[in-house]
Amino acid sequence: MSTAAAAEPAVDETPGVLDDDKLKVAIGKRERPARPGAVAASLTFGWRAMLKIKHVPEQLFDVTMFPIMFTLLFTYLFGGALEGSPTQYIQVLAPGILVQTVVFITMYAGMGLNNDIKKGVFDRFRSLPIWRPAPMVGLLLGDAVRFVLASLVVLVLSLIIGFRPDGGVLGVVAGIALTIVFAFSISWIWTLLGLVMRTPEAVLNTSMTVLFPLIFASNIFVDPDTMPGWLESVVNLNPITHLTSAVRGLMGTGAETSDLIWVFASAAVLIAIFAPLTMRRYSRL
Amino acid sequence: MSEFAIETRGLVKVFGDNRAVDGVDLRIAPGRVFGLLGPNGAGKTTTIRMLATLLRPDGGTATVLGHDVVAEADQVRSRVSMTGQYASVDEDLTGTENLVMLARLLGFDKGAARARAAELLDAFGLTEAADRQIKNYSGGMRRRIDIAASIVVAPDLIFLDEPTTGLDPRSRNQVWNVVRALVADGTTVLLTTQYLDEADQLADRIAVIDHGKVIAEGTSSELKASVGAGALRVRVADSEQSGTAERLLVDALGGEVNRESDGVTISARTDDPKRVPALLTELEREGVDITEFSLGQPSLDEVFLALTGHPAEAEEEKRDEEREPEVAR
């Protein structure tokens, strides 16, 4: 009496022969090399992130097409009204669009993590004797590549349509670097959500709900002076506002120290709260 | 150091108000196949996830290869592997990439990692599929790559969580071959299954688990013997005669008689096989047409029914089982 009758037998397409002798040899290998260090393990996971980009290039859509779309749309739609001309507006908008783009794509960190958990890949990693945060650090390394790529897309496009940063190469690099530092710190919120929530869609929806007001209630698109008083105070408390001002400063004629302090302080607070929560949750999954 | 590969005492895991694992005691000898048998949601997966250090027990203790799964999780991890619906491979990567990645994470250098990946793919008959993404693998290939991923460094103990669920018979046989090869090499295997014949085929000892509790444990013959010495099955040609046959079975054997859902198969347990020949004569005398008449050990299905009071069918899907991609039945 067999209960093993499969409903939908999965038929092998390849004749795949199991060679018992080879199997015996393969199974007999028990020597374990010295375990890799924290850096080597993290880099291996970073390599995995690169392979995923190679196999699923569609996932780069959000780091290429969206920034292009937003930059062009906002520049030509609002440029004339807000700053007199698109060329003038892009001087203000470019650093802001950069911040918006990079901060937006941080939310995929939580989605990717949630997907890995759902698919069971993470349990394999967690059952390995490796430095525990390595899979997470690897995901973040992969994100770093996406951040840089997205930044370059925004930068090149902005330069083409007339962005002329006074800060020169150094200022632009510093601006991008500051954005990425902040992006990493905010990523920890999404990794925590990725561990806690049930589906990747839920993670995405929650992060959108947080990010949308954060990004639009800032000085990225519009000068806060033109807003109602209450909104202006909110906008001035928003770390994204200070990040945008700092990046504008770095790419322009110099950043205000107070903005830089705001950015680093909020990054530190985000990491201090969400990194330990993430790691705690991760080790107790 | 314990003489057992795995020893658990009063292991408990609670999800909300669901006591998924409710006081499990297991003692598993090294170098053997131990089967954890039970329906969906019985607590099998949760149990082995705790043993594989993936889930923290809410109560009780467990040692694996002499190490506590909570306090010495790292030592446990360096000697066991887990394969199953959870510990899986990356579907977006190819077979080679997955194995190379795992080999690198286990400390192989680049060249050695590539060589080991190629060797494993060859041994598991996956060389042709080496450069295909896992999501394009068939169910059987998928299960083989899962197991290959678990023995990049051959572990002392391997957890196989429902290794053949949803596979066609040929792929299932291949997985069984791998399990036998692992044991022949001295690996301890703990496998979970909802298939009674799989436990029967592979496992030296079986624990039957239901509602988070171990309700019986022993070799498959012991479990069968605990239910009764023999099981008699009679199938009649005409369902109108099954009433007569049922009456004769009760008269001859004295015990309880079961009519199966097909209406023509009647089964009964008997402790005394010597009564059977007389029954056959009686059936003949009353003119009952018999198409099947067999006396044997009870099947594990019957054991399961006897032990749990319900057949070994899937219960309601529990949270921790719902991710199974292709549940058969």
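Residues numbered from 1 in each chain as written. Chains lettered and ligands numbered in written order. Predicted model: local features only at pLDDT ≥ 70, side-chain atom pairs only at ≥ 80, totals over all residues.

## Details of the overall build of chain B
Looking only at helices and strands, chain B features eleven helices and 14 strands. Dimensions of chain B, computed from C-alpha atoms along their principal axes, come out at roughly 80 × 45 × 35 Å. The 329 residues of chain B split such that 51% are buried. In chain B, 70% of the contacts between residues at least 6 apart in sequence involve partners at least 24 apart. (Helix = DSSP H or I, 4+ residues; strand = E, 2+ residues; numbered from the N terminus. Buried ≥ 20, exposed ≤ 12 C-beta atoms within 10 Å, placed from the backbone. Contact = placed C-beta atoms within 7 Å.)

## Let's talk about the overall build of chain A
Along the backbone of chain A there are twelve helices and zero strands. Counting helices and strands in the order they occur from the N terminus, chain A gives α-α-α-α-α-α-α-α-α-α-α-α. Expressed along its principal axes, the backbone C-alpha trace of chain A runs to roughly 80 × 40 × 40 Å. When burial is assessed residue by residue, chain A has 42% of its 285 residues classed as buried. Partitioning the contacts of chain A with sequence separation of at least 6, the portion at a separation of at least 24 is 77%.

## What to know about the confidence of the model for chain B
All names here are of chain B. Mean pLDDT over chain B stands at 85; residues scoring 70 or higher make up 91%. Averaged over each element, pLDDT in chain B is lowest for helix α11 (residues 300-308) (73) and highest for helix α3 (residues 95-105) (96). Both scores are available for the predicted complex, with the pTM at 0.80 and the ipTM at 0.82. (pLDDT = per-residue confidence, 0-100.)

## Side note on unusual backbone geometry
All names here are of chain B. A positive phi is found at E162, a non-glycine position, where the angle reads about 45 degrees. Its place among the elements puts E162 in the loop between β7 (157-161) and α6 (169-184). The phi dihedral of H211 falls on the positive side, at around 50 degrees, and the residue is not glycine. Counting through the fold element by element, H211 comes out in the loop between β9 (205-210) and β10 (213-218).

## Some points on the environment of A:T71
Residue and element names in this part refer to chain A. Relative to the elements of secondary structure, T71 occurs in helix α3 (residues 61-83). Between the C-alpha atoms of T71 and G96, which are 25 residues apart in sequence, the distance is 9.7 Å. Those residues in contact with T71 that lie beyond four places of it in its chain are I97, V154, L157 and S158.

## Digging into the pairing of strand β4 (residues 59-64) of chain B
Residues and elements named next belong to chain B. The pairing of strand β1 (residues 6-15) with β4 spans five bridges and is classified as antiparallel. Opposite V12, over in β4, you have G59 as the bridge partner. Direction of pairing for β4 relative to strand β5 (residues 67-68): antiparallel, over a ladder of two bridges. In the strand pairing of β5, V64 is matched with H67. Hairpin connection between β4 and β5: a loop of two residues separates the two successive antiparallel strands, and L65 in this loop has a positive phi of roughly 50 degrees. (Pairing = 2+ DSSP bridges.)

## Comments concerning the domain arrangement of chain B
Domain assignment breaks chain B into domain 1 (6-79 + 155-224) and domain 2 (229-297). Here the C-alpha centroids of domain 1 of chain B and domain 2 of chain B sit 37 Å apart. (Domains from an automatic or database assignment.)

## Describing the pairing of strand β11 (residues 230-236) of chain B
All names here are of chain B. Burial within β11 is extensive, with five of its seven residues counted as buried. Relative to strand β13 (residues 265-270), β11 is paired through six bridges, and the arrangement is antiparallel. Residue pairing across strands places R235 opposite T265, the latter belonging to β13. Here β11 runs beside strand β14 (residues 290-296); their pairing, made up of six bridges, is antiparallel. By the bridge assignment, R233 is partnered in β14 with S294.

## Topic: the sheet that holds strand β2 (residues 18-28) of chain B
Residue and element names in this part refer to chain B. If you walk across this open sheet you meet the four strands as β2-β1-β4-β5, and the pairing is antiparallel. Looking along the sheet, the strands with just one partner apiece sit at the ends: β2 and β5. Contacting β1, β2 and β4, helix α1 (residues 44-51) crosses the sheet at an angle of about 120 degrees to β1. (Axes fitted to C-alpha atoms, helices over the stretch in contact; angles between N-to-C directions.)

## Here's the deal with the sheet that holds β9(B)
Residue and element names in this part refer to chain B. A sheet is described by the order of its strands in space; here six strands give the open sequence β6-β7-β8-β3-β9-β10, paired in mixed fashion. Bordering the open sheet on either side are β6 (80-83) and β10, each of which pairs with just one other strand. Averaged over neighbouring strand pairs, the angle between their axes works out to 15 degrees when direction is ignored. The sheet contact formed by β9 and β10 spans five bridges and is antiparallel. Residue pairing for β10: D210 is matched across the bridge by K213. Across the sheet, helix α5 (residues 139-150) touches β6 and β7, and the angle it forms with β6 is around 165 degrees. Along the sheet face, α6 touches β3 (33-37), β7 and β8 (188-193) and points at about 150 degrees away from the line of β8.

## Focus: the packing of helix α2 (residues 38-55) of chain A against helix α7 (residues 134-160) of chain A
Residue and element names in this part refer to chain A. Interhelical geometry of α2 versus α7 gives an angle of 50 degrees and a closest axis separation of 7 Å. In terms of orientation, α2 and α7 fall into the oblique class. Judged by the sense of rotation from one axis to the other, the crossing of α2 with α7 is right-handed. Counted together, A38, A41, S42, T44, F45, G46, R48, A49 and M50 of α2 and A134, P135, V137, G138, L139, L141, G142 and V145 of α7 form the full contact between these two elements. (Parallel < 35°, antiparallel > 145°, perpendicular 65-115°, else oblique. Left-handed = near helix turned anticlockwise from the far one by under 90°.)

## Digging into the environment of B:D200
Mapping B:D200 onto the fold places it in helix α7 (residues 196-202). For the pair formed by B:D200 and B:E246, sequence separation is 46 residues and the distance between their alpha carbons is 29 Å.

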